[in-house]
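Analysis of the macromolecular model
Read off the chains here:
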Amino acid sequence: QHGDMEEGRKVLEALAEGKNPKTKDAAKASLSMYWWIKNDLDKAISISKKALENGCSDKNLYVNLCTYLLEKGDYKEYRKMIKECNDKSLATPAILDLEAAYYMIQKDWRKAGTYLNALFDKTTPAFKDPYLHKAMISLHYGDWEGSVKALSEIKNQCTESNTSVYSFSEIDQLISLIEDEETRWGMLDVVDKSPEVLIKGEIPEVKKGMSKPKTPEMPSFSEEVFSPTSTTVKDDDEE
């Protein structure tokens, strides 16, 4: 996570080939992140699934695998893994955040906001994704100042890491695009039409000079639109 990926890969590969079953599977769960960073989603998914098949039942493994499946667009398998995670009571704040991302991709902004509310009611996240997703939801509803505020919180609450969705400098780029009147509503257009672009951590191509569109009224996100098992969250902020 902090700069020496190749050394990390070597150590994890050695552990993954060892004799201790628990160590092997935990190493595979972490090793999958190396291939995710290298943009080899298929290999990251394959390694994660092998750990699951070996009986590994670890919250970080589910978070990693669900992240890869969501990024790949394999929503059927993603839903299956989310259900399995909830059935095992392994949900974490990161799982709630992945659910918010999933529902943004499905254009169900109200449900996405409800998941994020549940997350922020439970904890103050120490990883960047929830703040990014909160910013996207705020922008969808036309609240660009709330969007900037959510992104600005990242530097106060999170640490820099190679496994983060955006670097601090890239977060500053997103803030600039939203603060600039020339690109603000172009950012909203990207959020509305292609939320997966930002969810994947890409700096979007933004149209300039767009007028503010008619945006829906910001809901309270108070409805209980998800099952109770989805809100059974371990009190930690691990990705």
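Residues numbered from 1 in each chain as written. Predicted model: local features only at pLDDT ≥ 70, side-chain atom pairs only at ≥ 80, totals over all residues. Heavy atoms only, no water.

1. Observations regarding the overall build of the protein
Each helix and strand counted, the protein has twelve helices and zero strands in total. Relative to the globule expectation of 18 Å for 239 residues, the C-alpha radius of gyration of the protein, 18 Å, shows essentially globular dimensions. Seen along its three principal axes, the alpha-carbon backbone of the protein occupies a region of about 60 × 40 × 30 Å. Buried positions account for 49% of the 239 residues belonging to the protein. Considering only residue pairs separated by 6 or more positions, the protein has 65% of its internal contacts joining residues 24 or more positions apart. Accessible surface, the protein: about 11,900 Å² in total, of which carbon and sulfur atoms supply 46%. (Helix = DSSP H or I, 4+ residues; strand = E, 2+ residues; numbered from the N terminus. Rg over C-alpha atoms; globule rule 2.2 N^0.38 Å. Buried < 20%, exposed > 50% of the residue type's maximum accessible area, 1.4 Å probe, protein only. Contact = heavy atoms within 4.5 Å. Areas by Shrake-Rupley, 256 points an atom, 1.4 Å probe, with all protein chains shown as cover.)

2. Section: the nonpolar core
Residues Tyr78, Ile137, Leu151, Leu174 and Met187 are the most contacted members of the largest nonpolar core, which totals 75 residues. Broken down by element, this core gets its largest block of residues, ten residues, from helix α6 (residues 93-105). Leaving out residues up to four positions away in the same chain, Ile137 has contacts with Met104, Trp109, Ala112, Gly113, Leu116 and Phe221. (Core = buried A, V, L, I, M, F, W, Y, C linked by side-chain atoms within 4.5 Å.)

3. Remarks on the packing of α6 against helix α8 (residues 129-140)
The angle between the axes and the distance between the axes are what describe a pair of packed helices. Following both chains from N to C, one finds α6 and α8 inclined at 30°, their axes separated by 10 Å at the closest point. Considering their axes alone, α6 and α8 lie roughly parallel with respect to each other. By crossing handedness, the relation of α6 to α8 is classed as left-handed. In this structure, α6 uses Asp97, Ala101 and Met104 to contact α8, whose residues at the interface are Asp129, Pro130, His133, Met136 and Ile137. Here the contact of α6 with α8 is composed, by residue class, of five nonpolar, one polar and two charged. (Axes fitted to C-alpha atoms, helices over the stretch in contact; angles between N-to-C directions. Parallel < 35°, antiparallel > 145°, perpendicular 65-115°, else oblique. Left-handed = near helix turned anticlockwise from the far one by under 90°. Nonpolar A, V, L, I, M, F, W, Y, C, P; charged D, E, K, R; others polar.)

4. Section: helix α3 (residues 41-53)
Taking 1.5 Å per residue as the helical rise, α3 with its 13 residues ought to reach 18 Å, and the 18 Å between its terminal C-alpha atoms agrees with that figure. Along α3, the residues classified as buried are Leu41, Ala44, Ile45, Ile47, Ser48, Ala51 and Leu52. In an axial view of α3, the angular spread of the buried residues amounts to 165°, which keeps them on one side of the axis. For α3, the secondary structure elements touched by its buried residues are α2 (21-37), α4 (59-72) and α5 (75-87). In the stretch just after α3, Gly55 is the one whose phi turns positive, near 95°. (Expected span 1.5 Å × (residues − 1). Arc of directions from axis to C-beta.)

5. Focus on helix α1 (residues 5-16)
Counted at 1.5 Å a residue, the expected span for α1 with its twelve residues is 16 Å, and the 16 Å between its end C-alpha atoms agrees. For α1, the complete set of buried residues consists of Arg9, Leu12 and Ala16. The arc that holds the buried residues of α1, viewed along the axis, is 75°, so those residues lie on one side. Elements that come into contact with the buried residues of α1 comprise α2.

6. A short note on the confidence of the model for the protein
Predicted confidence across the protein gives a mean pLDDT of 88, with 91% of residues reaching 70 or more. Across residues 224-239, confidence stays below pLDDT 50; counting only partners more than four residues off in sequence or on other chains, it has 41 contacts. (pLDDT = per-residue confidence, 0-100.)

7. As for the pattern of salt bridges
Enumeration according to the criterion identifies eight salt bridges in this entry. Of the charged contacts in the structure, one is a salt bridge between Asp189 and Lys193, with a shortest N-O distance of 3.3 Å. Pair noted here: Asp189 and Lys193 are both in helix α11 (residues 184-193), with a separation of four residues, about one helical turn. Note on Asp189: relative accessible area 15%, which makes it buried. Taking the relative accessible area as the measure of exposure, Lys193 reaches 53% and is therefore exposed. (Salt bridge = Lys/Arg side-chain N within 4 Å of Asp/Glu carboxyl O.)

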